[in-house]
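# Tertiary structure, described
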Amino acid sequence: MVSRALPELINGPEGPNISLNGRVLYSASNNPIKRAEQAAAASQTLYLVLSPLLFTGVETLLERISPDSFVLAIEKNPDIYKLTEEFFTPLNNRSISYLYTGNNSSPSNIIRAMNPSRFRRVVTVKLNGGYMLNRGFYNSFASAAENFLQSFWKNRITTIHMGRLWCRNIFLNLPLLGLTRSLSELHTDKPVIAIGAGESLDGCISFIKANRNTFFLAAADTAVSTLLNNGITPDLLIVLEAQHANLYDFYDPEALRIPAAFDLTSSPEVIRKHQGKKYFFISEFDRTQFLTSLKNEGLLPPLIPPLGSVGIAAVYIALCISNNIVLHCGLDFSFIPDKYHSSGSPSHIISMMKETRTNKAGFFSSAFNGNRVTRTGKSGRTVFTDLIMLSYAGQLGELGRLSSRLVDIAEYGIKSTEKRLTEPDAILELVETFCSADKIHVNEADNIFRLDGTTLFKNQDKTAVFLDKEIIKIEKVITAVIAYLNSANEDKSGLKLPEELKTQIKQIDYTHLFFPDYYNPAADVSFLKRLLFSASWFKKIIQQAITGLN
């Protein structure tokens, strides 16, 4: 066995240095202090120092950054990390952390533990030659950190717009738990086709229809009318939409009888109208005390990541409920001016209904507005898309990288999944090969595709107890906030909330989760008055939910 070379601490012409395999990692051409001085100075920034070695230049960087920024120094080589820990000690009481990051380190978990709301951007800093020893790893880590922070703020903006409605829907849907099942109870041994409502679905209809009995069909709710119009009844619908506009997807009465997996944040109006078998799951739209409380009471359905797109949710759920191969179509994340969705989908029908002699069916004005961009699709033709749809395509691509079972069978749209087959014979051959294996192979990364959580919600008493507890919590906060506002010290500007009151407010975070200042609640009158109004509103919603139990 060849032993690995160990780094050595040596004295060089410029002072202390590190040698590895005869190569010194500080050189005259890489002046770490000068590099630190060249790093962009910005507020609310996470500075990633890649392989800090002896921390030369880091002191300079710490002097330049703003008080609301932070330095995260990372080292992949375990031997270098052990050798250099003592050089970090003098800096340990500053705005800096030093971490050993092995191959399995998750940038998202690291930043999440640091409270990502503190940061608006990531800046990478390379001070020496240590970066070059594991350049690929460091580049991937930095890219993943940037992507996580971008995703965090995209989700945060969505929560500001939708969080109030999501939390309201959760409360109103809780009384239905006793009449439904957990999605973790659903499983199939069949190969699955996850179906979205993009234009490419039209080209896959004949394949799906000809091989209907071979596959389990998991369809986004927007695709159900297209499928039913072609004589295809899916096995499962995926429903995410929180607004009652979702009822458009169920204009065909048959759609209301198909088994459906509902996000707990889905529109209660749609769920109550649905007559088929119901399953519940929930998108983890934020890490909240609200969801933790539901979990502690045994009322939290299986969690899935905040995917945003119902089509991607269909793919994710398909990967969870089957260990077999998962095909997907209709997930285009693009459109052509005369067609936004598949034929027979609600938007397509509404577009045709609005057609006049001077206003043709389609989305021409939408295609050419300033927010659209053009891309070359999988078929080689130019398609229209936007930054949001492109981010969804990136999410689907990430699922494809995590699972070797995911295959794109659509002709049109933005390329996302690496594995792609469009010829029916080739698709069936792949499915047959996969299914004929002695044991269906699921690689290690596929282990993330599982649905954990409560499986039975039959005890309605649990729901009643939980709702009663939340009423009591809200009443306590309302009383405490009013008392605080009426206290002798009328000027609350610049003050911090008393710890006890802060804890009570955090326990009902659904009342202010959607406030722009959610992560930094202050003692100012503005925040507290908004909180009082929202808490009173949610008290009425919870009382409505309690009525629904009776």
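So, here is what we can say about the structure in this document. Everything numeric here is computed off the predicted structure, so don't read it as measured data.

Bringing the overall build of the protein into the picture now. Per the secondary structure count, the protein includes 18 helices and 18 strands. Across the 550 residues of the protein, 51% fall into the buried class. With an accessible surface of roughly 26000 Å², the protein has 51% of that area assigned to carbon and sulfur atoms.

Here the focus is helix α15 (residues 424–436). The first and last C-alpha atoms of α15 sit 18 Å apart over 13 residues, in line with the 18 Å expected at 1.5 Å per residue. All buried positions along α15 are accounted for by I427, V431 and F434. Around the axis of α15, the buried residues are gathered within 65 degrees of arc, so they sit on the same side. Opposite the buried face of α15, by more than 90 degrees, sit the exposed residues D425, E429, E432, T433 and S436. Contacts made by the buried residues of α15 are with α7 (201–210) and β15 (326–329).

Now for the sheet that holds strand β6 (residues 96–100). Sheet architecture is open: four strands sit in the order β6-β5-β4-β7, paired in parallel fashion. Every interior strand has two partners, whereas the edge strands, β6 and β7 (121–125), have only one. With direction set aside, neighbouring strand axes in the sheet form an average angle of 25 degrees. As defined by bridge partners, strand β5 (residues 70–75) adjoins β6 across five bridges and the pair is classed as parallel. By the bridge assignment for β6, E75 is matched with Y100.

Summed over the entire model, instances satisfying the criterion amount to one cavity of 30 Å³ or more. Quantified by volume, the largest cavity comes out at close to 30 Å³. Tallied by class, the residues present in the lining of the largest cavity amount to four nonpolar, two polar and three charged.

About the cut-offs
Residues numbered from 1 in each chain as written. Predicted model: local features only at pLDDT ≥ 70, side-chain atom pairs only at ≥ 80, totals over all residues. Heavy atoms only, no water. Helix = DSSP H or I, 4+ residues; strand = E, 2+ residues; numbered from the N terminus. Buried < 20%, exposed > 50% of the residue type's maximum accessible area, 1.4 Å probe, protein only. Areas by Shrake-Rupley, 256 points an atom, 1.4 Å probe, with all protein chains shown as cover. Expected span 1.5 Å × (residues − 1). Arc of directions from axis to C-beta. Contact = heavy atoms within 4.5 Å. Pairing = 2+ DSSP bridges. Axes fitted to C-alpha atoms, helices over the stretch in contact; angles between N-to-C directions. 1 Å grid on protein atoms, 1.4 Å probe; cavity = no way out; pocket = protein on both sides within 12 Å on 5 of 7 lines; lining within 4 Å. Points joined across faces, edges and corners; volume = space filled by probe spheres on them. Nonpolar A, V, L, I, M, F, W, Y, C, P; charged D, E, K, R; others polar.

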